[in-house]
Amino acid sequence: MKLQKPKGTQDILPQDSAKWQYVEQLARDTFKKYRYQEIRTPIFEHYEVISRSVGDTTDIVSKEMYDFYDKGDRHITLRPEGTAPVVRSYVENKFFAPEVQKPVKLYYMGSMFRYERPQAGRLREFHQLGVECFGSSNPAVDVEVMAMAHHLFKELGIQNVTLHLNSLGNSSSRAAYRQALIDYLTPLRDSLSKDSQRRLEENPLRVLDSKEPEDKVAVENAPSILDYLDEESQDHFDQVKELLESLGIPYIINTNMVRGLDYYNHTIFEFITDVAGNDLTICAGGRYDSLVEYFGGPDTPSFGFGLGLERLLLILEKQGISLPLTEELDVYLAVLGSEANGRALELIQALRHQGFTAERDYLNRKIKAQFKAADSFKARTIITLGESEIKAGQVQVKNNQNRQEITVSLEEIEKDFAQVLKNLEA
Ligand code: ATP
Ligand code: MG
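Residues numbered from 1 in each chain as written. Chains lettered and ligands numbered in written order. Predicted model: local features only at pLDDT ≥ 70, side-chain atom pairs only at ≥ 80, totals over all residues. Heavy atoms only, no water.

Novice: Give me the lowdown on the sheet that holds strand β4 (residues 75-78), citing residues and values where you can.
Specialist: The strand order across the open sheet formed by 3 strands is β2-β4-β3, and the pairing between neighbours is antiparallel. Of all strands in the sheet, those with a lone pairing partner are β2 (44-46) and β3 (67-69), marking the two edges. Across the sheet, the mean angle separating the axes of adjacent strands is 35 degrees when strand polarity is ignored. In this structure, β3 lies alongside β4, joined through 3 bridges in antiparallel fashion. Bridged to Tyr69 within β4 is His75. Those strands touched by helix α2 (residues 47-54) are β2, β3 and β4, and its axis lies near 75 degrees from that of β2. (Pairing = 2+ DSSP bridges. Helix = DSSP H or I, 4+ residues; strand = E, 2+ residues; numbered from the N terminus. Axes fitted to C-alpha atoms, helices over the stretch in contact; angles between N-to-C directions. Contact = heavy atoms within 4.5 Å.)

Novice: Just give me the short version of the sheet that holds strand β13 (residues 358-360), but keep the residues and values in it.
Specialist: In space, the 5 strands of this open sheet follow the order β13-β12-β14-β15-β16, with mixed pairing throughout. Strands at the two margins of the open sheet, each flanked by one partner only, are β13 and β16 (405-409). For this sheet the average axis-to-axis angle between neighbouring strands, irrespective of direction, equals 25 degrees. With 7 bridges joining them, strand β12 (residues 329-336) and strand β14 (residues 379-386) adopt parallel strand pairing. Counterpart to Val331 in the pairing with β14 is Thr381. Contacts from helix α14 (residues 367-376) reach β12, β14 and β15 (394-399) within the one sheet, and its direction differs from that of β12 by about 170 degrees.

Novice: So, the site of ligand 1: which residues are in play, and what are the values?
Specialist: The local shell around ligand 1 holds 16 residues, among which Arg114, Glu116, Arg122, Leu123 and Arg259 are the closest. The side chain of Gln128 places a nitrogen or oxygen atom 3.0 Å from an oxygen atom of ligand 1. In the environment of ligand 1, an oxygen atom lies 3.3 Å from a nitrogen or oxygen atom belonging to the backbone of Gly308. In the complex, the protein chains occlude 92% of the 590 Å² of accessible area that ligand 1 would expose alone. Taken together, the elements giving at least two residues each to the shell around ligand 1 come down to β6 (125-134), β10 (278-287) and β11 (302-308). Ranked by the residues each element gives to the shell around ligand 1, the list is headed by β10, at 4 residues. Class assignment for the residues of the shell around ligand 1 results in 5 nonpolar, 5 polar and 6 charged. (Near = heavy atom within 4 Å. Polar contact = N/O pair within 3.5 Å; in protein donor to acceptor, adjacent residues only side chain to side chain. Areas by Shrake-Rupley, 256 points an atom, 1.4 Å probe, with all protein chains shown as cover. Nonpolar A, V, L, I, M, F, W, Y, C, P; charged D, E, K, R; others polar.)

Here's what the structure looks like:
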């Protein structure tokens, strides 16, 4: 066995983690403006939490689950998505209770696991940022949630992301459409992929979602679900479109988009962008009005999305967007001789406790090597500490950009280094 990472996983290395932190923080700040609060659910769940809510015949459940039996013979799965766990938690923690303000607005970020064929933007462990809004069927909620994703892309400076929109209607619209789709696909049965022949029996809407070329051809002239919306569904969809227009958020209608999970109704959407000639979905979601009831809670209309962080970072890179990351160090402490080791530790701790970022030499290196290290850490100032400095109680503090230097007592530095920096600039 090779001691290497499993296929489809990634180490997020220090040179990249700063980007992750930036994007995560920006998302937190953005979501906060809409009063979303973070929820953290377990990385693994009972298999049944995911299986029937996401749908037994979806790719996620039928092919992609990382499931196993634990030592207590419980059927467990690593979570493949965030919505079902959050809904499970919502019901288990009785967030539906009247004393909890509605709508309940939650967001999460973390690892998801799907056994997929790894490729660009497709991993076996990946990270999602997701939001869920519980307790309102107002189309303004649909639009606000989509606008929030749009807001985040804008803050990041991402271009050319297109909002694809569709409606699945309510359950009666969907039943009518299901029959029309069966009538359309049945004569084409032999031209469908094996998987889609099975889908046709079990869950015909899934054929629309197939990525097999022969299925894509077969569904090209499929009836449009939008022709089967009843009055209530049509009205909801019209309001969503109108509100998007009033916010100036462009969209295109994509009637073959059904999303890879079974729990959606009414509005569904994807934000899609082109990466190296391929359409890649960064963010996807929609309305799921029956899921809370499915988990044993009261009737609770809900709306949410999941956003793939790897794909978001991939797009930032492809679009050449540089993030405003600060990698500077306030102070580098050059340590001359092992006699200064202990005093150096006291001094650098005092700086850190005053709020400065500070690094030092631990390896008793030559002064030149230490100055080089200071440069590579982009240190703004360098303090040099050796036996003679300790005896004198004074050190040189150097501005590492303009090489300006001043002599300061150790006491002053330990009391108020901000003042020392001001004196250095003066
Ligand atoms: P796709 O059609 O690309 O397989 P999906 O419908 O399975 O996507 P969702 O379940 O809606 O995706 O997940 C939401 C988002 O999570 C996707 O839009 C994408 O950004 C991201 N995502 C999904 N699967 C993966 C994966 N295997 N690796 C990386 N990101 C993923
Ligand atoms: Mg998928």
